[in-house]
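# Fold and geometry: a report
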Amino acid sequence: MDKQDIERLARQDLVMTPLVYGESMIMRIDRMSADDIDFALLQHVASGPYTGIYVNKAINERPKFERPDVELGLKVYMVDPDSDDIDSFFLEKRSFRFWFQDGVEEPSQMATANHFFSEICSAEDFPRDYVHFIKKVLVEVRKYVMIKTLELDLCPVLEMDESQTDTLVQQELLVATAVSKLNTESSGGGAPVQRVSSFKKLSRGPSMREKKAPSKRGRALIWIAKKQKILNILEDAYPSTMPVQELVRLAGFDKSEMQTFGVLLRKLTEKGLIKEMDKGRWMRLPKSIAGDAQEEQHHDVQVVKNIPVLSGNEQPTIAIITLLYCEKLAVDAMMDRKTTYVRYKTGGEAQVYTVGMIGPHKVVSTKLARTGSVQSAMISAGNMVTRLLGSFNQVEHVILLGVGGGLADYEDYRNHMRLGDVVISTPSQEGGPLYIYCKQDEKDDSFSARTYCSSDPLFQNLAKDLHDKAATDVFYGRPWEKYMEDSQDVLDLEETRFNKPPPRADKLYKTENQRVVEVEHPEGPDSPDGAPVFNLHYGVIGAGRAVTRQEDVRQGFALDNGIKAYDCDFHPVLDSIEGNCKNSFIIIKGISDYFDGTKKKDWHAYAALTAAAYMKALVLAFPYEAPMTP
């Protein structure tokens, strides 16, 4: 299939036809040219961002019985928002059957289907009703031009036998979605075509449902999903509190689920995971700083109205800034003799600072809150860094630590990185930038880049010394691996799991002529002293959706600028660091995906831990002069 064939397929439209067949409701999505569309059958013609998508009236027709090229599926637990019985759920099987364009080979078919399936099944943003679920499927099908036909089969599971095995269902999704109903109007009605920008009229789903109480395992899965949703929202907001009304809205609970919501809050409070700081305002609480854990770790926690002013010798000189909750936990696990100050505010931005020791060095860590719109979150991040540097005015060195997306090298194992590896910001040439933020002009689609340089090369020189020492001194080895092990006693107390995901979770994909192909990771020769737990890479960090959203642009921009990893736009933090005249800084990224650090959340905690372990080795390499004693 040549480039012209690919371009021709990209110009074709999508036609979705609902098929009413027995207990199932099947959505058949065909890719076809405009000349092949039967406009007499249309019920909706989408516009706006969905231009090129057509919806036929529902018809009584069997699905295709020819064997699909690939078949995948999942189970979804569903609740009825109109039901008074909050403990009653439906279990639905959603099957995807793929037929590909002629000439697409089997390995490429499997890779494309799996990649498509992983995008659909992200538990973090899984649609909670049929409308948004089908819209997401349509949008994803449009991206994969190799898919000729897709059938989505929505079928209720009437028997909830724990011993039941089903080779089709490969994933049981930990999301409780809302039951809705789908329009099954016959094509014989002759209704006029309506041009709308969404598919709101497809807001009803299969009505033939047998209501059953969930199995023990099913109830546990639903409970875990709802609990984790609440925790994720509060973790993003931490150290800020979340009003209960906003928490209900973001977690997707409706009026019929308020009793369940209240029970969840009580259970999470009893486990020491959350706390009501003020009437109706909730905060995530690290378990390792609650109760007896503080005493065991020599970790003092104080909720204060104002951050105390520390004396000269007590002032930290190194600040570590994180964005995700798991990143802050990983950093704090590397510290000894810690004191955490939480400045709680009923309204506005709260602050959290943990002051402790790494070797002889006094350090302070903080986490930036992630709430509100993207723009307001960026402004908030810059303000919080300014307050950090104002509260601890002896800080001279700043470490930005977190997860990021690595740049794959499909051929050279020496440049290739795996999930869990660590990238240390290093200029590609002397005096060059450590970080490049790329922005696209909305008026003329031109690109502009903002670069950030560290005029004090102390961090970069220390990183080079560490690299050389690890390569030449057999007694030094890789101390960061030991620091990971040493932190486990503290991190095991947390709800977040910092274990490394299985190797099969590190899949590598490559796009060739708009065809997504799964490829093998390049393998190097066996190391005589054993494979490292994770590898270190050195290069520039990039950011900006203008370059990260397209693979070819992302790879090309990286090649031109020596970029080794991307993150989700830390530039407001760097603006604040520059504005406060902090000339010594470094960025350390644990690799959690091959995009920008936002895709594979199951790798976040482990990638944060590897980055924190390297950070500790770097801080311990810092020069130290003992304070003069009288």
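The shown structure was predicted, so the numbers you read here are calculated from the model rather than taken from an experiment.

### Structural notes on the overall build of the protein
A count of helical and extended segments in the protein gives 16 helices and 26 strands. Among the 630 residues that make up the protein, the fraction classed as buried is 53%. Of all intrachain contacts in the protein linking residues separated by at least 6 positions in sequence, the fraction that spans at least 24 positions is 76%. For the protein, the exposed area adds up to about 29,500 Å²; of that, 48% sits on carbon and sulfur atoms.

### Describing the nonpolar core
The biggest cluster of nonpolar side chains holds 94 residues, and the ones touching the most others in it are Ile 399 and Met 615. Sorting elements by how many residues they give to this core places helix 16 (residues 604-620) first, with 13 residues. In contact with Met 615, not counting residues within four places along its chain, are Ile 320, Val 331, Met 334, Ile 358, Ile 399, Leu 401 and Ile 588. Counting 36 residues, the second-largest nonpolar core is a separate cluster that includes Ile 53, Phe 117, Val 145 and Ile 147.

### Details of the pattern of salt bridges
Applying the stated criterion to the full structure yields 18 salt bridges. Two residues, Arg 418 and Asp 506, come together in a salt bridge whose shortest N-O distance is 2.8 Å. Of this pair, Arg 418 sits in the loop between strand 18 (397-406) and strand 19 (422-425) while Asp 506 sits in the loop between helix 12 (488-491) and strand 22 (508-512), placing them 88 residues apart in sequence. Two residues, Glu 481 and Arg 478, come together in a salt bridge whose shortest N-O distance is 2.8 Å. The class of Glu 481 is buried, set by a relative accessible area of 16%. Overall, the relative accessible area of 25% leaves Arg 478 in the partly exposed class. Taken together, the shared-partner salt bridges in this structure form one network comprising Arg 97, Glu 151 and Asp 153.

### What about the packing of aromatic side chains?
Across all of its chains, the model carries 14 aromatic pairs by this definition. Ring geometry for Phe 98 and Phe 100: centres 6.1 Å apart, planes at 15°, overall stacked. The residues Phe 98 and Phe 100 share a single accessibility class, namely buried. Ring geometry for Phe 98 and Phe 116: centres 5.4 Å apart, planes at 85°, overall edge-to-face.

### Examining unusual backbone geometry
With an omega of 10°, the peptide bond between Tyr 238 and Pro 239 qualifies as cis. Here Pro 239 is to be found in the loop between helix 4 (216-237) and strand 10 (242-243). Backbone geometry at Arg 337 places phi at a positive 45°, although glycine is not the residue there. Positionally, Arg 337 belongs in strand 15 (residues 336-343). Residue Arg 337 is classed as exposed on the basis of its relative accessible area, which comes to 56%.

Analysis parameters
- Residues numbered from 1 in each chain as written.
- Predicted model: local features only at pLDDT ≥ 70, side-chain atom pairs only at ≥ 80, totals over all residues.
- Heavy atoms only, no water.
- Helix = DSSP H or I, 4+ residues; strand = E, 2+ residues; numbered from the N terminus.
- Buried < 20%, exposed > 50% of the residue type's maximum accessible area, 1.4 Å probe, protein only.
- Contact = heavy atoms within 4.5 Å.
- Areas by Shrake-Rupley, 256 points an atom, 1.4 Å probe, with all protein chains shown as cover.
- Core = buried A, V, L, I, M, F, W, Y, C linked by side-chain atoms within 4.5 Å.
- Salt bridge = Lys/Arg side-chain N within 4 Å of Asp/Glu carboxyl O.
- Phe/Tyr/Trp six-rings, centres within 6.5 Å; stacked < 30°, edge-to-face > 60°.

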